[in-house]
Amino acid sequence: MVSNRRITLRAHPSGNPLPSDFALIEEAVPQPGPGEMRVRNLYFSMEPAIRGWLDGKDNYFQAIPLGGVIRGPSLGVVEISNLTGFAPGDHVWGLTHWEDYSILSAETILLEKLHVSDDIPLSHYVGALGPSGLTAYVGLHDVGRIKAGETVVISAAAGAVGSVAGQIARLRGCRVVGLAGSAEKAAILTDKLGFHAAINYRAVDDLGAAIANACPDGVDVYFDNVGGRTLDALLPRMRDFGRIICCGMISDYNNQANPTPVHNLWQVVAKQLTLRGFLLFSHLDSLPQARHDLHQWAADGKLVALENVTHGIANAPDSFCRLMAGTTVGKTVLAVDWPA
């Protein structure tokens, strides 16, 4: 008998989440009602933002309760549809749950019908050609307002968003410096993704001095995925009227009750900086152009989709925990692995 496997929250994590904080349960396959459709999930997008929903405290989304199914963005295929505009066989994206089957409606957050190409791996629509790439694009253009000739620094540059952001900035004519947590990741940035320079922040005694050495004329735009000490080190190295794109602050996601202090905020005033956060769903008008450009770059071989894929729904917790421990490279994706 076919069942619906679901990953639930067994315990609130303490620090970095562990696979034992999650549980796998099986329930009946749900049936769609009027105005709904049933989607068979194919890929889960592992997102650092999920960590903020596991501590029992609401933020911009409600916290996931103990015993609740883990919420996360997914790519799937429609099986049954009572929802106008969607038909069986359509590939869709939306904020659903870690489960085999999901019921979606017009109210599903981030719901979108995907137009996929047979010559592009489907998993790329979860990462470089999906929300990670779109986030990088919107952050650089709408928030960072990058211009050719500027110096752009990217933190967590070997991650899902950072790896795309650095490539976009290079394609726009910027000089790009990436920050990463290992020599292996730093080499990927320069050798595979075309960054002009990379800094292994774990190998330097003074990150601020390393940034100053790599960016002798200062930094025009900083794409911040990390926050904390890294943001603190960048602030004095920004040029006057520089822009800081606040995309994420993963350095404190496992320690949200005691965030790292930032001591150099006066530089925002002294250098007349713009420091702005953003969420992708607030920039929907920018997405059509972003999708067009990302697909064109990928088709032309100018954009590398850096990803790591774990197989099997039971391994979703382990995949997420490795992401939060900082051991992954590129976009972290879970393939549910349905038989062909």
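It should be noted that the structure appears before, not after, this text.
A brief structural summary.

About the criteria used
Throughout, a residue's number is its position along its own chain's written sequence, starting from 1. Residue-level local features of this predicted model are given only where pLDDT is at least 70; pairs of side-chain atoms are given and counted only at 80 or more, and the full residue set underlies all totals for whole chains, interfaces and linings. As a rule here, side-chain values cover all heavy atoms of the structure and leave hydrogens and water aside. Lines fitted to the C-alpha atoms define the axes, with helices restricted to the stretch that makes contact. Angles between their N-to-C directions range from 0 to 180 degrees. Helix and strand definitions follow DSSP, with helices as H or I runs of at least four residues and strands as E runs of at least two, each counted in order from the N terminus. The labels follow the angle: roughly parallel below 35 degrees, roughly antiparallel above 145, roughly perpendicular from 65 to 115, and oblique for the rest. Whether a crossing is left-handed or right-handed is set by the direction in which the near helix is turned from the far one by less than a right angle, anticlockwise for left-handed and clockwise for right-handed. Should any heavy atoms of two residues lie within 4.5 Å, those residues are considered in contact. Buried, partly exposed and exposed residues are distinguished by accessible area as a fraction of the type maximum, computed with a 1.4 Å probe on protein chains only: under 20%, between the cut-offs, and over 50%, respectively. Each Phe, Tyr or Trp ring, with Trp reduced to its six-membered ring, pairs with another whose centre is within 6.5 Å; inter-plane angles below 30 degrees give stacked pairs, above 60 give edge-to-face pairs, and intermediate values give tilted ones. Two thresholds decide whether a charge sits over a ring: the Lys NZ or Arg CZ must be within 6 Å of the ring centre and within 35 degrees of the ring normal. Strands are labelled as partners when DSSP assigns at least two bridges between them.

### Points about the packing of helix H1 (residues 131-143) against helix H7 (residues 287-299)
Where H1 meets H7, the axes come as close as 10 Å, and the angle between the chain directions of the two elements is 115°. Regarding the angle of H1 to H7, the classification is roughly perpendicular. The handedness of the crossing between H1 and H7 is right-handed. Contact residues: H1 offers Gly133, Leu134, Tyr137 and Val138, while H7 offers Leu287, Gln289, Ala290, Arg291, Asp293, Leu294 and Trp297.

### Side note on unusual backbone geometry
Positive phi values are uncommon outside glycine, yet Ala156 reaches one of about 50°. Tracing the backbone through its elements, the reader meets Ala156 in the loop between strand S8 (151-154) and helix H2 (160-171). Judged by its relative accessible area of 31%, Ala156 falls in the partly exposed class. With a phi angle near 65°, Phe241 is a residue other than glycine that sits in the positive phi range. Secondary-structure assignment places Phe241 in strand S12 (residues 238-246). By relative accessible area, Phe241 is classed as exposed at 52%.

### Notes on the packing of aromatic side chains
The full count for this structure, using the stated rule, is 6 aromatic pairs. Look at Phe44 and Trp98: their rings are 6.4 Å apart centre to centre, the planes differ by 10°, and that puts the pair in the stacked class. In this pair, Phe44 is assigned in strand S3 (residues 36-45) and Trp98 in the loop between strand S5 (91-97) and strand S6 (101-105), connecting sequence segments 54 residues apart. Residue Phe44 shares its accessibility class with Trp98, and that shared class is buried. Connected via pairs of aromatic rings, a cluster forms that spans Phe22, Phe44, Trp98 and Phe320. One residue, Arg71, lies across the ring of Trp53, its end atom 4.8 Å from the ring centre. Here Lys113 stacks its cationic end above the ring of Phe86, 5.6 Å away from the centre of that ring.

### Quick notes on the sheet that holds S12
Judged by pairing direction, the sheet is parallel, and its 6 strands sit side by side in the order S10-S9-S8-S11-S12-S13 without closing on themselves. Looking at strand neighbours, the two that pair on one side only are strand S10 (197-200) and strand S13 (274-277), the edges of this open sheet. Within this sheet the neighbouring strands show an average axis-to-axis angle of 15°, counted without direction. In this sheet, strand S9 (residues 175-180) lies alongside S8 in parallel orientation, the contact comprising 4 bridges.

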